[in-house]
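Spelled out, the chains give:
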Amino acid sequence: MYSDPISDYLTRLRNAIKANHRIVEIPASNMKKAMTEVLYDQGYILKYKFEDTANNQGVIKIALKYNPVSKIPAIREIKRYSKPGLRKYSSADKLPRVLNGLGVAIVSTSHGVITDKKARELNVGGEVLCFVS
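Please read these numbers as outputs of a predicted model, since none were measured by experiment. Per chain, the residues get numbers from 1 upward, laid out in the order the sequence is written. For this predicted model, a pLDDT threshold of at least 70 governs which residues receive local features, and a threshold of 80 or more governs which side-chain atom pairs are given and counted, while totals over whole chains, interfaces and linings are taken from all residues. The side-chain quantities take in all heavy atoms of the structure and omit both hydrogens and water.

Quick word on the sheet that holds strand S1 (residues 23-27)
In a beta sheet, neighbouring strands pair by backbone hydrogen bonds and run either parallel or antiparallel. Put simply, the rule reads: Any two strands with at least two DSSP-identified bridges between them are counted as paired. Put simply, DSSP marks the helices as runs of H or I at least four residues long and the strands as runs of E at least two long, and each gets a number from the N terminus on. To define axes, lines are fitted to C-alpha atoms, for helices over the stretch in contact only, and angles between the resulting N-to-C directions are given on a 0 to 180 degree scale. In this analysis, two residues are considered to be in contact whenever any of their non-hydrogen atoms come within 4.5 Å of each other.
Spatial ordering of the open sheet is given by S1-S3-S2, a layout of three strands whose pairing is antiparallel. Across the chains shown, the open sheet's two edge strands, defined by having one partner strand only, are S1 and strand S2 (45-51). On average, adjacent strands in this sheet sit at an angle of 20° to one another, irrespective of strand direction. In the sheet, S1 pairs with strand S3 (residues 59-64) via five bridges, with the strands oriented antiparallel. Looking at S3, one finds that Val24 is bridged to Ile62. Relative to the sheet, helix H1 (residues 5-18) contacts S1 and S3, its axis offset from that of S1 by approximately 165°.

Some points on the environment of Leu46
Mapped onto the secondary structure, Leu46 falls in strand S2. Expressed as a C-alpha distance, the spacing of Leu46 and Leu64, which sit 18 residues apart in the sequence, is 5.5 Å. Not counting chain neighbours up to four residues away, the residues in contact with Leu46 comprise Tyr40, Ala63, Leu64 and Lys65.

Focus on unusual backbone geometry
The phi dihedral of Leu99 is positive, around 50°, even though this residue is not glycine. Tracing the chain through its elements places Leu99 in the loop between strand S5 (89-90) and strand S6 (104-109).

Let's talk about the pattern of salt bridges
The condition is simple: By convention in these notes, a salt bridge is any Lys or Arg side-chain nitrogen within 4 Å of a carboxyl oxygen on Asp or Glu. A simple rule labels every residue: compare its accessible area, found with a 1.4 Å probe on the protein chains alone, to the largest value its type can have, and call it buried under 20%, exposed over 50%, or partly exposed in between.
Summed over the entire model, instances satisfying the criterion amount to eight salt bridges. Of the charged contacts, one joins Lys61 and Glu25 as a salt bridge, the two residues approaching to 3.5 Å between their closest N and O atoms. Of this pair, Lys61 sits in strand S3 while Glu25 sits in strand S1, and the two are 36 residues apart along the sequence. Exposure remark for Lys61: the relative accessible area of 27% places this residue in the partly exposed category. By relative accessible area, which is 44% here, Glu25 ends up partly exposed.

A look at helix H2 (residues 30-41)
The test is simple: A helix is expected to span 1.5 Å for every residue after the first.
With 12 residues, H2 extends 17 Å from end C-alpha to end C-alpha; this agrees with the ideal 16 Å at 1.5 Å per step. Residues of H2 that are buried include every one of Lys32, Ala34, Met35, Thr36, Val38 and Leu39, and no others.

Here we look at the nonpolar core
Definition in use: Definition of nonpolar core: a set of buried residues of the types Ala, Val, Leu, Ile, Met, Phe, Trp, Tyr and Cys, connected through side-chain atoms within 4.5 Å.
One finds Leu13, Met35, Ile62, Leu64 and Ile106 to be the most contacted residues of the largest nonpolar core, which totals 27 residues. Secondary structure elements with two or more residues in this core: H1, S1, H2, S3, S6 and strand S8 (126-132). Not counting chain neighbours up to four residues away, the residues in contact with Met35 comprise Ile6, Tyr9, Leu10, Ile106, Val113, Leu129 and Cys130. Among the nonpolar cores identified, the runner-up in size contains nine residues, and Val98, Ile114, Ala119 and Val124 belong to it.

Quick look at the packing of H1 against H2
This is how the line gets drawn: Angle categories are assigned with fixed cut-offs, so that under 35 degrees is roughly parallel, over 145 is roughly antiparallel, 65 to 115 is roughly perpendicular, and the rest are oblique. By definition, turning the near helix anticlockwise from the far helix through less than a right angle yields a left-handed crossing, and turning it clockwise yields a right-handed one.
With their axes 10 Å apart at the nearest point, H1 and H2 run at an angle of 40° to one another. Classified by the interaxial angle, the pair formed by H1 and H2 is oblique. Handedness of the H1/H2 crossing: right-handed. Residues Pro5, Ile6, Asp8, Tyr9, Leu10 and Leu13 of H1 touch H2, and the partners they reach there are Met31, Lys32, Met35, Thr36 and Leu39.

Following this line, the structure appears as structure tokens:
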């Protein structure tokens with residue numbers, strides 16, 4: 001049993017990328033589904049599918065994206081920012097910029113799980129979950 005499902009999600013993605021896997025399966029939750037949709041919308045993953053299982057938890061199947069010529073993964077680095085032991089919240093004007101705007105910070109707000117750019121647009125703050133570049 002793991003105590004931090006979001007860290008588990010990010011670690012499974014990171015390990016699959018380092019092993020050059022095409023598909024990774026992750027136990028589903030609403031937060032993980034929302035984070036997967038953000039990664040897909042930003043172009044970091046090729047596609048995803050939510051499947052139900054016998055225990056009603058479900059599985060997220062994610063097809064990872066690689067450059068067809070150089071085989072370099074689209075996700076270079078994915079890092080947890082706010083942790084269960086130290087939650088990190090930011091207001092809209094103090095949201096961190098990843099790689100000076102080239103990367104994405106995934107933020108959990110009152111408007112749902114969105115990117116840092118969208119949170120600045122909507123002028124909402126929240127918990128900064130992770131950085132993706």
